[in-house]
Amino acid sequence: MGSRDITPDARVEEDSLGPLSLPGEVLYGINTSRSVENFPLSGRPIATWPDFVHSFAIIKQASARANSEIGILTLKQAEAIYAACEEIKAGKHGEHLVVDMLEGSGGTSTNMNMNEVIANIAARSSGRAFSDYSFIHPNDQVNLGQSTNDVVPTAMKLAIHRATKQTLVNLVQLADALSRKREQYKTLLRLGRTCLQDAQPMTLGQAFGGYEAVVRRHAEQLDTLRNQFLTLPLGGTAIGTGFGSAPGYKAAVFRHLSTLYGQKVQPTGNAFDGMQNMDNCARLSGELRNTANSLWKIANDLLLLSSGPNGGIGEIILPSVQAGSSIMPGKVNPVIPIGVCQAAFAITGNDAAVAMGCQQGMLEINHFELLVCDRLLDSIRLLTGASEIFGNRCIDGIVANEHVSRDHLLASSAMATALVPTLGYSQVSTIVRAALEEDRPFLDVVIEKGLLKRGDISSVLERLTLEGNV
C-alpha cells in the first residue's frame, strides 16, 4: 500500500510498510488506520460492544499497575495509562475505537486500536502532540507484558461475564411474571392439547407453571456457565509460555484485575489450553440458543392460544401494544411473541457461527475469537432484550378468556381418560368416535348413556385436575 497524500491538518506515522497520513484529530494510529482500510466488513466497530471495551480497558489498567509494581514501568507512566483507560470506561472516545469486529488479523488490529487510543490520550494529557509516543508508546508501555493472543480472549471472556449479568436478571424477572400468572389462574380449567389435538383437562396456571420452570432452569444453567469465564488466559502472552512478560507480572496482574473487575479472576490451569481452546464459548452459545428456543416455544404457544379473536382458539388475550395493520382497521397482532421468535431465530444462527469459529482454532491459538465474541455478545443482547419485553410487555398483561376455555374443555373428549379405569380403553374409544361422528360434545354422549351426571362434571374435572390425577 502506498502512502496517502498528506494534508495540512494531518499527521504522519510510519511502519514497515511505509508512511501513512492520518487525520489530525483521531486518537488512533497507523495500525488502526490500516485495519479500517483492510476490513470494511460488518460495519460493527469494537465500540459496538461497551462491555468488550470496558473489559479491554481494565486489562490495560491492571497490566500498567502490575508492571509498575514489578519495576518495569514508572508510576507516572502507569497512572497515565490508568487515567486514559478511565476515560474509555466512562464511555468517552468510542468514535475512535473503529476496527471492525470481523478484522482478519487474529485480534492484533483490535488490540492495537485500544493501545493507540490509550497512548494518544496520554500524550494529549501530558501536553504532547498526537503520535508523540515518547512518553507512552502503544507497544512498549501500553502493551507491556502482553500479547494480542492473551489480551483479546481475556477481554472477550470478561465482556461475556459482564454482559450476561443483565440477561440473568431479565430471565428471573420473566420467570417471576410467569409465576404470577401461575398463581392468578391456578384454578382456571382449560383443555390441554397434544399434537394440536384435544388431550386432557388441566389449569391455565399449570401451563404457566411449566413455562416458569423451564425459564428458571435456563437461568440457573446460564449462571453456572458464565462463572467459567472468570478463568482467563492473561499472562500466557503469545502462545501460553508467558515469554515476553517480566517475572512477577502474572501474579500481580491477576491481583490487580480482580480488584478492578470486582470479582476474583484466576489464570487457566494450563496456559496452552487456555490460549487454544474455546469450548466454554461453544457451550455458552449452546445454552443461549437453548434458552432462546424455550422462549420461542412459549411464544408460539401464546400465538396459538391467543389466535382469533373469532376465528382461532382465543383462550387468552394478549396486551395490545400497537396497531396491527395499515389496511385492516382495528386489527391487533401479537407483535411481542413474534419479536421473541425472531430473536430466537437470530440466536440460533449466531450459535452456528460460534460453533464453526470455535472449531477452527489452529495450533497454539484460535484466530477466529473476534467472530465468536461478536456473535456471543449479539446473542446475549438479543436474549436480554427478548426476555425483558416478553415479561414486561406481554406476560404481565395476559388476560384469560375464561368462558372460551371452559367451553372448549366441555365440548372436548378431555374426560375420556378419566373413564378408562371404569369402562376400559376400548369402550371409551367407541364413545369418543361416536361423539365425533355425531358432531356432539363427548360429555353429552357420556351423560346420555348414564355414565356421568351433568351436575358432577365440574367437581370431577376440578378434582382430577387439581389433584394431578389426569
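Residues numbered from 1 in each chain as written. Predicted model: local features only at pLDDT ≥ 70, side-chain atom pairs only at ≥ 80, totals over all residues. Heavy atoms only, no water.

Looking at an unreviewed UniProt entry, the protein chain carries the name Aspartate ammonia-lyase, with the source organism given as Conoideocrella luteorostrata.

S.K.: In this structure, what is going on with empty space enclosed by the protein? I would like to understand it.
M.R.: Remark: the empty space left among the atoms is shown by a probe the size of a water molecule rolled over them. Here the structure, examined in full by the defined rule, presents two cavities of 30 Å³ or more. Of the pockets and cavities examined, the largest cavity occupies roughly 60 Å³. Along the walls of the largest cavity sit P153, M156, K157, G274, M275, Q276, N277, M278, N366 and E369, which together make up its complete lining. Residue lining of the second largest cavity: L318, P319, V321, N333, P334, V335, I336, P337, R393 and C394, and that is the complete set. Here the lining of the second largest cavity gets three residues from one element, more than from any other, and that element is helix 11 (residues 335–359). (1 Å grid on protein atoms, 1.4 Å probe; cavity = no way out; pocket = protein on both sides within 12 Å on 5 of 7 lines; lining within 4 Å. Points joined across faces, edges and corners; volume = space filled by probe spheres on them. Helix = DSSP H or I, 4+ residues; strand = E, 2+ residues; numbered from the N terminus.)

S.K.: Just to check I follow, could you spell out the environment of D301 for this structure?
M.R.: Inspection of the secondary structure assignment puts D301 in helix 10 (residues 279–305). The exposure class assigned to D301 is buried, which follows from its relative accessible area of 16%. (Buried < 20%, exposed > 50% of the residue type's maximum accessible area, 1.4 Å probe, protein only.)

S.K.: Would you mind going over the confidence of the model for the protein chain with me for this structure?
M.R.: Caution applies to low-pLDDT regions: their predicted coordinates should not be interpreted in detail. For the protein chain, per-residue confidence averages 91 on the pLDDT scale, and 95% of positions sit at 70 or higher. By mean pLDDT, the top-scoring element of the protein chain is helix 2 (residues 50–69) (98), and the lowest-scoring one is helix 17 (residues 457–466) (67). pLDDT under 50 marks residues 1–8. Its contacts with residues more than four places away, or in other chains, come to 13 contacts. (pLDDT = per-residue confidence, 0-100. Contact = heavy atoms within 4.5 Å.)

S.K.: Would you mind going over the packing of aromatic side chains with me for this structure?
M.R.: In this description, a pair of aromatic rings is defined by centroid distance and the angle of the planes. Scanning all chains against the criterion turns up three aromatic pairs. For the pair W296 and F345, a centre-to-centre distance of 4.7 Å together with 70 degrees between the ring planes defines the contact as edge-to-face. In this pair, W296 sits in helix 10 while F345 sits in helix 11, placing the two residues 49 residues apart along the sequence. Between K76 and the ring centre of F135, over which it is positioned, the NZ or CZ distance is 5.9 Å. (Phe/Tyr/Trp six-rings, centres within 6.5 Å; stacked < 30°, edge-to-face > 60°. Lys NZ or Arg CZ within 6 Å of the ring centre and 35° of its normal.)

S.K.: Please clarify how the packing of helix 1 (residues 30–38) against helix 4 (residues 108–125) should be interpreted in this entry.
M.R.: Each pair of packed helices gets described by two things: the angle between the helix axes and the distance between those axes. Close contact between helix 1 and helix 4 brings their axes to 8 Å; oriented N to C, the two are set at 140 degrees. It follows from the interaxial angle that helix 1 and helix 4 lie oblique. Helix 4 is crossed by helix 1, and the crossing has left-handed handedness. Between helix 1 and helix 4, the residues in contact are I30, N31, T32 and S35 and S109, M112, N113 and E116, respectively. Split by residue class, the contact of helix 1 with helix 4 holds two nonpolar, five polar and one charged. (Axes fitted to C-alpha atoms, helices over the stretch in contact; angles between N-to-C directions. Parallel < 35°, antiparallel > 145°, perpendicular 65-115°, else oblique. Left-handed = near helix turned anticlockwise from the far one by under 90°. Nonpolar A, V, L, I, M, F, W, Y, C, P; charged D, E, K, R; others polar.)

S.K.: What exactly am I supposed to notice about unusual backbone geometry here?
M.R.: Glycine aside, negative phi is the norm for most residues, and most peptide bonds take the trans geometry. Omega for the bond connecting G308 with P309 falls within 30 degrees of zero, at 10 degrees, which places this linkage in the cis form. Mapped onto the fold, P309 is located in the loop between helix 10 and strand 7 (316–317).

S.K.: Looking at this model, I keep getting lost on the environment of T74. Mind explaining?
M.R.: As for its placement among the helices and strands, T74 is situated in the loop between helix 2 and helix 3 (75–89). On the basis of relative accessible area, T74 is assigned to the partly exposed category, the value being 42%. The spacing of T74 and A64 is ten residues in sequence and 9.2 Å in space, taken between C-alpha atoms. Only 3.0 Å separates the side chain of T74 from the backbone nitrogen of Q77, close enough to count as a polar contact. (Polar contact = N/O pair within 3.5 Å; in protein donor to acceptor, adjacent residues only side chain to side chain.)

S.K.: Any chance you could explain the pattern of salt bridges here in plain terms?
M.R.: Any two side chains of opposite charge can pair if their charged atoms end up close together. With the rule as written, the count across this model stands at 23 salt bridges. Of the charged contacts in the structure, one is a salt bridge between D378 and R375, with a shortest N-O distance of 3.2 Å. In this pair, D378 and R375 both sit in helix 12 (residues 369–393), three residues apart, roughly one turn of the helix. Taken individually, D378 and R375 each receive the classification buried, so the pair is uniform in this respect. Connected through shared salt-bridge partners, D176, R182, E183, K186, E212 and R216 make up one network. (Salt bridge = Lys/Arg side-chain N within 4 Å of Asp/Glu carboxyl O.)

S.K.: Explain the layout of surface pockets to me, please; I cannot follow it from the model alone.
M.R.: For the largest pocket, the calculated volume is near 400 Å³. Classifying every residue of the lining of the largest pocket gives seven nonpolar, nine polar and one charged. Empty space within the second largest pocket amounts to approximately 340 Å³. Taken together, 15 residues form the lining of the second largest pocket, with R190, R193, Y211, K297 and D301 sitting closest to its centre. Put simply, the parts of the chain that give the lining of the second largest pocket at least two residues each are strand 3 (189–194), helix 7 (204–226) and helix 10. When the residues that make up the lining of the second largest pocket are grouped by side-chain class, the tally is eight nonpolar, three polar and four charged.

S.K.: Whenever I open this one, helix 1 confuses me. Can you help?
M.R.: Given 3.6 residues per turn, any residue in an α-helix points the same way as the ones three and four places further on. Buried residues of helix 1: I30, T32, S33, R34 and S35, and no others. The inward-facing, buried residues of helix 1 contact strand 1 (10–15), strand 2 (18–23) and helix 4.

S.K.: Help me out: how do you make sense of the packing of helix 7 against helix 10 in this one?
M.R.: Following both chains from N to C, one finds helix 7 and helix 10 inclined at 165 degrees, their axes separated by 10 Å at the closest point. Judged by the angle between their axes, helix 7 and helix 10 are roughly antiparallel. Both helix 7 and helix 10 take part in a crossing whose hand is left-handed. Contacts between helix 7 and helix 10 involve Y211, V214, V215, H218, Q221, L222 and L225 on the former and, on the latter, R283, L284, E287, L288, N290, T291, S294, L295, K297, I298 and D301. Residue classes in the contact of helix 7 with helix 10 are distributed as nine nonpolar, five polar and four charged.

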